[in-house]
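Per-entry structural report
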Amino acid sequence: MTVPHHPIAPAGHFTRVGRRAIRRSAMLVLVGAAAFLAGAAAAATDYPRDIGNWTVAVSKDGKGCFVTRAYEHPGGTTLLLGIDLEGTNHLSILNANWSIKPKDRLKLDFKLASGSYMKHFAVGMASDGKQGFVTSFEVKFPTYFAGSKLLSISKGDVPVERLNIEGSGPAVAALRNCVEAQRDKPAAAAGKKMRSDDIPIDPFAPASERKKKK
């Protein structure tokens, strides 16, 4: 007996969004993912950090973190899941054999242990000699991802990838810790006085009474 696979998000949700909203969402996802694919920030001394088969790193702009895993599949598939400081997530899958072009609009089916996202939007992209796509999900997606051992992706009846994501629970936990660590940094930096040594205590006082700041 086949057990019905209930969707996590409503099937066909992408098709109910207006074209203008789709284009805007696609560009936001593509721009947001670019920071994660740029590499780890040099200032993050505790990262990159390996968690089993996964690697957690800070995005180059310091505005989030990502977890990545490489697969020895034909074309060398790479998976990246990023979360920014606002809580938005980005999932990217790349493969050197794929013919996806940057900014292509795609509708893909994503299946996890707890359900599916059917006909979900994705945007074509390229990085490090590989082509692929990036997409974004609801805020609970990392939790669903962490509770699964397999991520299956298809384009209609055509299978795209089947990825073993065992160990995703500890990896996502480390990813969230990384994001929290980065979230604390801007607040600390905001409290610092960004002033130069040549600024007087009172720049409007007579020159004889003007003193440099202490």
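Up top is the structure these notes are about.
These figures come from a predicted structure and were not determined experimentally.

A few words on the pairing of strand 9 (residues 150–155). Two strands pair when backbone bridges link them, and strand 6 (residues 105–112) and strand 9 are joined in this way by three bridges, in the antiparallel orientation. Paired with Asp109 across the bridge in strand 9 is Ser154. The pairing of strand 9 with strand 10 (residues 158–164) spans six bridges and is antiparallel. Paired with Leu151 across the strands is Leu163, a residue of strand 10. Counted between consecutive antiparallel strands, the loop separating strand 9 from strand 10 contains two residues, among which Gly156 sits at a positive phi close to 70°.

With that settled, the discussion passes to the nonpolar core. Core analysis: the biggest nonpolar cluster contains 34 residues, and Leu79, Leu91, Phe110, Phe133, Phe145, Leu151 and Ile165 have the highest contact counts within it. Here the element with the most residues in this core is helix 3 (residues 168–190); it accounts for six residues. Excluding residues within four positions of it along the chain, Phe145 makes contact with Trp54, Leu79, Leu81, Leu112, Leu151, Ile165, Ser168 and Val172. If you look at the next biggest cluster of nonpolar residues, it comprises seven residues, including Ala57, Phe66, Leu94 and Met125.

Here the focus is the packing of aromatic side chains. Within the structure shown, the criterion is met by eight aromatic pairs. Look at Trp98 and Phe133: their rings are 6.1 Å apart centre to centre, the planes differ by 5°, and that puts the pair in the stacked class. A residue pair is termed long-range when its members are at least 10 positions apart, and Trp98 in the loop between strand 5 (89–95) and strand 6 and Phe133 in strand 8 (residues 130–135) qualify at 35 residues. Each member of the pair, Trp98 as well as Phe133, carries the same accessibility label: buried. Relative to Phe137, the ring of Phe110 lies with its centre 5.2 Å away and its plane at 90°, an arrangement referred to as edge-to-face. Of this pair, Phe110 sits in strand 6 while Phe137 sits in the loop between strand 8 and helix 2 (141–146), and the two are 27 residues apart along the sequence. Of the two residues examined, Phe110 and Phe137, each falls in the buried class.

The rules behind the values
- Residues numbered from 1 in each chain as written.
- Predicted model: local features only at pLDDT ≥ 70, side-chain atom pairs only at ≥ 80, totals over all residues.
- Heavy atoms only, no water.
- Pairing = 2+ DSSP bridges.
- Helix = DSSP H or I, 4+ residues; strand = E, 2+ residues; numbered from the N terminus.
- Core = buried A, V, L, I, M, F, W, Y, C linked by side-chain atoms within 4.5 Å.
- Buried < 20%, exposed > 50% of the residue type's maximum accessible area, 1.4 Å probe, protein only.
- Contact = heavy atoms within 4.5 Å.
- Phe/Tyr/Trp six-rings, centres within 6.5 Å; stacked < 30°, edge-to-face > 60°.

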